[in-house]
Amino acid sequence: MSSTLTTETWGERTSHWRDWPAKHLAARKRDLGLTVSVVIPARNEEATVGEVVSRIARLAADTGLVDELVVIDSDSTDKTSEAAARAGATVHRAREVAPHLDTFPGKGEALWKSLLVTKGDLLVFVDADLTQWGPHFVTGLLGPLLSDEHVLLVKGFYERLYRGTDGSVTADGGRVTELVARPLLSLWWPGLAGIVQPLAGEWAARRDLMESLPIPVGYGIELAVLLDTADQHGLEAIAQVDLGSRGHKHQASHDLALMAAELMLVAERRRGRPGHDKGEAADPVRLHQFIRSGHEIRGYTRAVPTHERPPARSVTG
Ligand SMILES: O=c1ccn([C@@H]2O[C@H](COP(=O)(O)OP(=O)(O)O[C@H]3O[C@H](CO)[C@@H](O)[C@H](O)[C@H]3O)[C@@H](O)[C@H]2O)c(=O)[nH]1
Ligand SMILES: O=C(O)[C@H](O)COP(=O)(O)O
């Protein structure tokens, strides 16, 4: 089945997960002699991480497509590590990986640390808070990497389900994608505007690529990797795959504002603001927010994570 996306630039680099049967991929992987690591970053995801791990572990056992299944516990205060290990993952705590390199909170940090403890030639990233998804996310993302050596980065895309507080489900998810990422790309990187889910937490990349890029420690990682890959390797290095539908645990809009600020910072740096080169820590950036309490409006600020890790290859030698 082909994807229905027909934009001129992206049409030919867009596929559907059904285009990539697991059996064919496993044979191709064997022929190429490549190994695959699936990495799941998780902070306080004890409710969902076990199911995500166990379904991918089953795919690994059934197909031989996954050589390593790793959860990076990102400073969880619940039983995420235990649930992930019980379900069959190898678990590392982000702060305990290469402790001499210090530690930062954040998803980007978890994925950067994963580069120091995994071995796969191909890396597949899957979020731990998924509620609607399937192991076809993994096979779909591997398809373009196993079929075309010029592809370095594969982004998943899907219908974004949104579960309201009353339990109703609509296709209105992806608030930061719609309100920040898409406008940023359309204004400043129109060549990338055909990426359907630029912030997708489900994506795959070659290790060589990942080890060559600076990685923002927070939620800027997806946008940074997309922009830097396009900048250094061209749009030909990027493919995307239709993965169907995806549901996940939602953050409050108020918290997503921090993510939005992180994305704007990543974009601003890559637009070349003087004195804010890639990978350089900026001055502290604070997000100003307000809470109403009775008749009072109270202002407060939160720190926006600004740090970017250097390319992993610079610390692994
Ligand atoms: O400090 C953190 C925060 C999150 N996570 C994990 O990262 C994944 C995604 O985090 P989540 O808070 O669910 O992000 P979303 O609100 O869903 O944000 C979307 O947009 C982000 C910005 O591009 C992407 O990083 C996410 O993967 C994508 O789902 C989950 O498994 C989290 O447990 C960590 O490991 N450490
Ligand atoms: O991609 C996004 O915009 C964020 O993950 C938020 O998604 P949500 O609005 O579906 O929670």
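For the structure, see preceding data.
Residues numbered from 1 in each chain as written. Chains lettered and ligands numbered in written order. Predicted model: local features only at pLDDT ≥ 70, side-chain atom pairs only at ≥ 80, totals over all residues. Heavy atoms only, no water.

K.L.:
Give me the lowdown on the overall build of the chain, citing residues and values where you can.
P.N.:
Along the backbone of the chain there are 10 helices and 15 strands. Dimensions of the chain, computed from the C-alpha atoms along their principal axes, are close to 65 × 50 × 45 Å. By residue count, 52% of the 317 residues in the chain fall in the buried class. Accessible area for the chain stands at about 14400 Å²; split by element, carbon and sulfur atoms hold 51% of it. Counting 36 positive and 42 negative side-chain charges, the chain places the centres of these two groups 3 Å from one another. (Helix = DSSP H or I, 4+ residues; strand = E, 2+ residues; numbered from the N terminus. Buried < 20%, exposed > 50% of the residue type's maximum accessible area, 1.4 Å probe, protein only. Areas by Shrake-Rupley, 256 points an atom, 1.4 Å probe, with all protein chains shown as cover. Lys, Arg positive; Asp, Glu negative; His and termini not counted. Charge placed at Lys NZ, Arg CZ, Asp CG, Glu CD.)

K.L.:
An account of the nonpolar core is requested, with residue identities and associated values reported.
P.N.:
Among the nonpolar cores identified, the biggest contains 44 residues, and L192, W203 and M210 are the most heavily contacted of them. When residues of this core are traced back to their parent elements, those giving at least two are strand 3 (68-73), helix 4 (107-117), strand 5 (122-125), helix 6 (175-188), strand 10 (203-206), helix 7 (207-212), helix 8 (221-233) and helix 9 (253-270). No other element matches the seven residues that helix 8 contributes to this core. In terms of nonpolar packing, the next biggest core, distinct from the first, is built from 41 residues, V53, L69, W133 and V151 among them. (Core = buried A, V, L, I, M, F, W, Y, C linked by side-chain atoms within 4.5 Å.)

K.L.:
Could you give an account of the side chain of E211, naming the residues involved and the relevant values?
P.N.:
Tracing the sequence through the fold places E211 in helix 7. For E211, a relative accessible area of 15% gives the class buried. Residues in contact with E211, not counting those within four places in the same chain, are L115, P311, A312 and R313. (Contact = heavy atoms within 4.5 Å.)

K.L.:
Could you give an account of the site of ligand 1, with specific residues and numbers?
P.N.:
What surrounds ligand 1 is a group of 19 residues, the closest being P41, E45, K107, Y219 and E222. Contact between ligand 1 and P41: an oxygen atom at 2.7 Å from a main-chain N or O atom of the residue. G106 is positioned with one of its backbone polar atoms (N or O) 3.4 Å from an oxygen atom of ligand 1. Relative to its unbound accessible area of 670 Å², ligand 1 is 95% covered by the protein chains. (Near = heavy atom within 4 Å. Polar contact = N/O pair within 3.5 Å; in protein donor to acceptor, adjacent residues only side chain to side chain.)

K.L.:
Now, about unusual backbone geometry: what can you tell me, with residues and values included?
P.N.:
Residues other than glycine seldom take positive phi values, yet N44 does so here, at roughly 55°. As for its placement among the helices and strands, N44 is situated in the loop between strand 2 (36-42) and helix 2 (49-63). Overall, N44 belongs to the partly exposed group, its relative accessible area being 30%. Even without being glycine, A98 reaches a positive phi, approximately 45°. Residue position: A98 is located in the loop between strand 4 (90-93) and helix 4.

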